[in-house]
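# Structural description and commentary
These are the residues of each chain, in order.
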Amino acid sequence: MASLFAPVEDGKIVETMSQTSLKKANSANNGMDKEAFLQLLVAQMQYQDPLQPTTNTEYVAQYAQFSQVEQIQNMAASTDLARASALVGETVFVKVTSSSGAPGVKEGKVDYVVFENNKAYLSIEESLYSIDDLDTIVDLEYKQAFDKAYSFTLSLNMLPRVSAIDLSYKDKIEKLKEIYEGMNDYEKSFLAEDTVKRYKEYVERLKLVQDAADKLEQEGNGSTGGGTEGSGSTDGTTDGGTEGSGSTGGTTGGGTEGSGTTGGGATGGGTEGSGSTGGGTAGA
């Protein structure tokens, strides 16, 4: 069903592309059809020269031509209807003309067909277009493969030169890689050889940049690990200090033992001396 709304520009109703197609188709119907041929025949009979009237043989010949024209038009109408009916559900491109006269192409799927006044009209997105304006019929698989290859090439062309690639483009290149690896052989056949070559150069460049970044990160982690081992040596030194303190304690203990021995010996000796003194006293 055609749209009930018409576009308006600068306060004026603008003729849509569908209306332009229908108008052109109706203008074509206003040519020399069978009705015009019949009117011409009647006018010839009405205004013929009475002194040299048209013979019966000439009338029969003209009537045969009239019948032939009618049959040709009916055959053409049947052919158009068959063509249009076969297009239901297909993706097509229709030649259109804008209100300014600029030519263009309308793409879409044929939803249904309308047959009116011996003319077939294709319904695309709820707008009617004459089958005479049909330009291209496209296979859906072909169109999807073409669109995927076109989108892939467009995204690839938006990247800078290969030497300028860094990790900031990682997501974009990995997305392209995902699309490319998801293509089948038929879809890849739509890609130009130069496009595939540049894609592989981008992937290789990203791999080199990623490897360099990983190497720098590993070297940074190694330096941090060496600093940690140095801290462990400090702990070892602390332990050595503790052991030194233990030695000091041992020395102190030894001193204590020496003091104890000395004290004990001295005390004992003193006692014995006292004993000797005591003995001396008894002798005295």
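Residues numbered from 1 in each chain as written. Predicted model: local features only at pLDDT ≥ 70, side-chain atom pairs only at ≥ 80, totals over all residues. Heavy atoms only, no water.

### A word on the environment of Glu 90
Heads up, the condition is: A run of H or I in DSSP becomes a helix once it reaches four residues, and a run of E becomes a strand once it reaches two; helices and strands are each numbered from the N terminus. In this analysis, two residues are considered to be in contact whenever any of their non-hydrogen atoms come within 4.5 Å of each other.
Locating Glu 90 in the fold gives a position in the loop between helix H3 (56-86) and strand E3 (91-97). Residues Glu 90 and Gly 108 lie 18 residues apart in sequence; the distance between their C-alpha atoms is 8.3 Å. Here Glu 90 is in contact with Gly 108, Lys 109, Val 110, Ile 137 and Val 138, once residues within four sequence places are set aside.

### Points about a nonpolar patch on the surface
Which entries qualify depends on this criterion: Here the term patch refers to residues with relative accessible area over 30% and no salt bridge, with like charges joined within 9 Å and nonpolar side chains (Val, Leu, Ile, Met, Phe, Trp, Tyr) within 5 Å. Areas reported as accessible are Shrake-Rupley estimates using a 1.4 Å probe. Residue values count occlusion only from the protein chains shown. Counted as salt bridges are all cases of a side-chain nitrogen of Lys or Arg within 4 Å of a carboxyl oxygen of Asp or Glu.
A contiguous nonpolar patch, built from Tyr 142, Phe 146, Tyr 150, Leu 154, Met 158 and Tyr 186 and spanning about 670 Å² of accessible area, is present on the exposed surface. No other element matches helix H4 (residues 140-157), which puts four residues into the nonpolar patch. Tracing the backbone shows Phe 146 in helix H4.

### Points about the nonpolar core
So the rule is basically this: Side-chain atoms within 4.5 Å link the members of a nonpolar core, which is a set of buried Ala, Val, Leu, Ile, Met, Phe, Trp, Tyr and Cys residues. Throughout, exposure labels follow a simple rule: accessible area from a 1.4 Å probe, protein chains only, divided by the maximum for the residue type, with under 20% read as buried, over 50% as exposed, and the rest as partly exposed.
Membership of the largest hydrophobic core comes to 14 residues, with the highest contact counts inside it found for Phe 152 and Leu 191. Breaking this core down by element, the ones donating at least two residues are H4, helix H5 (170-182) and helix H7 (193-283). In terms of residue count, the dominant contributor to this core is H7 (four residues). Residues contacting Leu 191, with those up to four places away along its chain left out, are Ala 149, Phe 152, Thr 153, Tyr 180, Met 183 and Val 196. With twelve residues, the next largest nonpolar core counts Leu 87, Val 92, Val 94 and Tyr 129 among its residues.

### Details of the sheet that holds strand E6 (residues 127-130)
Pairing between sheet strands relies on hydrogen bonds along the backbone, with the strands arranged either parallel or antiparallel. Worth spelling out the cut-off: Between any two strands, pairing holds if DSSP finds at least two bridges. Here, axes are lines fitted to C-alpha atoms. For helices the fit covers the stretch in contact, and angles between N-to-C directions go from 0 to 180 degrees.
What the five strands build is an open sheet, ordered E6-E5-E4-E3-E7; its pairing is antiparallel. Because the sheet does not close on itself, it has two edges, and the strands there are E6 and strand E7 (134-138). Pairwise comparison of adjacent strand axes, ignoring direction, gives a mean angle of 50° for this sheet. Of the strand pairs in this sheet, E3 and E7 are connected by four bridges, and their pairing is antiparallel. Residue pairing across strands places Val 94 opposite Leu 134, the latter belonging to E7. Its contacts with the sheet place H3 against strand E4 (103-116), strand E5 (119-124) and E7, and it is angled at close to 15° to E5.

### A word on H4
The line we're drawing: Helices are assigned an expected span. That span is 1.5 Å times one less than the residue count. What qualifies as a polar contact is a pair of N or O atoms within 3.5 Å, subject to a donor-acceptor requirement within protein and to the restriction that residues adjacent in sequence count only when both atoms come from side chains.
A rise of 1.5 Å per residue sets the reference length of H4, with its 18 residues, at 26 Å; its end C-alpha atoms lie 26 Å apart and thus fit the reference within 8%. Regarding H4, the residues found buried are Lys 143, Ala 145, Ala 149, Phe 152 and Leu 156. Looking at where H4 begins, the residue whose side-chain oxygen comes 3.1 Å from the main-chain nitrogen of Glu 141 is Asp 139.

### Details of the environment of Glu 187
On the secondary structure map, Glu 187 appears in helix H6 (residues 185-188). Separated by 41 residues in sequence, Glu 187 and Phe 146 place their C-alpha atoms 7.3 Å apart. Not counting residues up to four positions away in its chain, the partners in contact with Glu 187 are Ala 145, Lys 148, Ala 149 and Gly 182. A distance of 3.4 Å separates polar atoms of two side chains, one belonging to Glu 187 and the other to Lys 148.

### So, the pairing of E5
By the criterion of burial, E5 is predominantly enclosed, with six of the six residues buried. Along E5, one buried face is formed by Lys 119, Tyr 121 and Ser 123 and the opposite face, lined by Ala 120, Leu 122 and Ile 124, is buried too. Note: E4 against E5, six bridges, orientation antiparallel. Opposite Tyr 112, over in E5, you have Ser 123 as the bridge partner. The antiparallel pairing of E4 with E5 creates a hairpin that spans two residues between the two strands, and Asn 117 there sits at a positive phi of about 55°. Hairpin connection, E5 to E6: the antiparallel pair is bridged by two residues, and Glu 125 has positive phi, about 55°.

### Considerations on the pattern of salt bridges
Inspection of every chain in the model, using the stated rule, returns seven salt bridges. Glu 187 is paired through a salt bridge with Lys 148; the nearest N and O atoms lie 3.4 Å apart. Of this pair, Glu 187 sits in helix H6 while Lys 148 is found in helix H4, placing the two residues 39 residues apart along the sequence. According to the relative accessible area criterion, Glu 187 is buried, its value standing at 12%. Through salt bridges that share partners, Glu 107, Lys 143 and Asp 147 make up one connected network.

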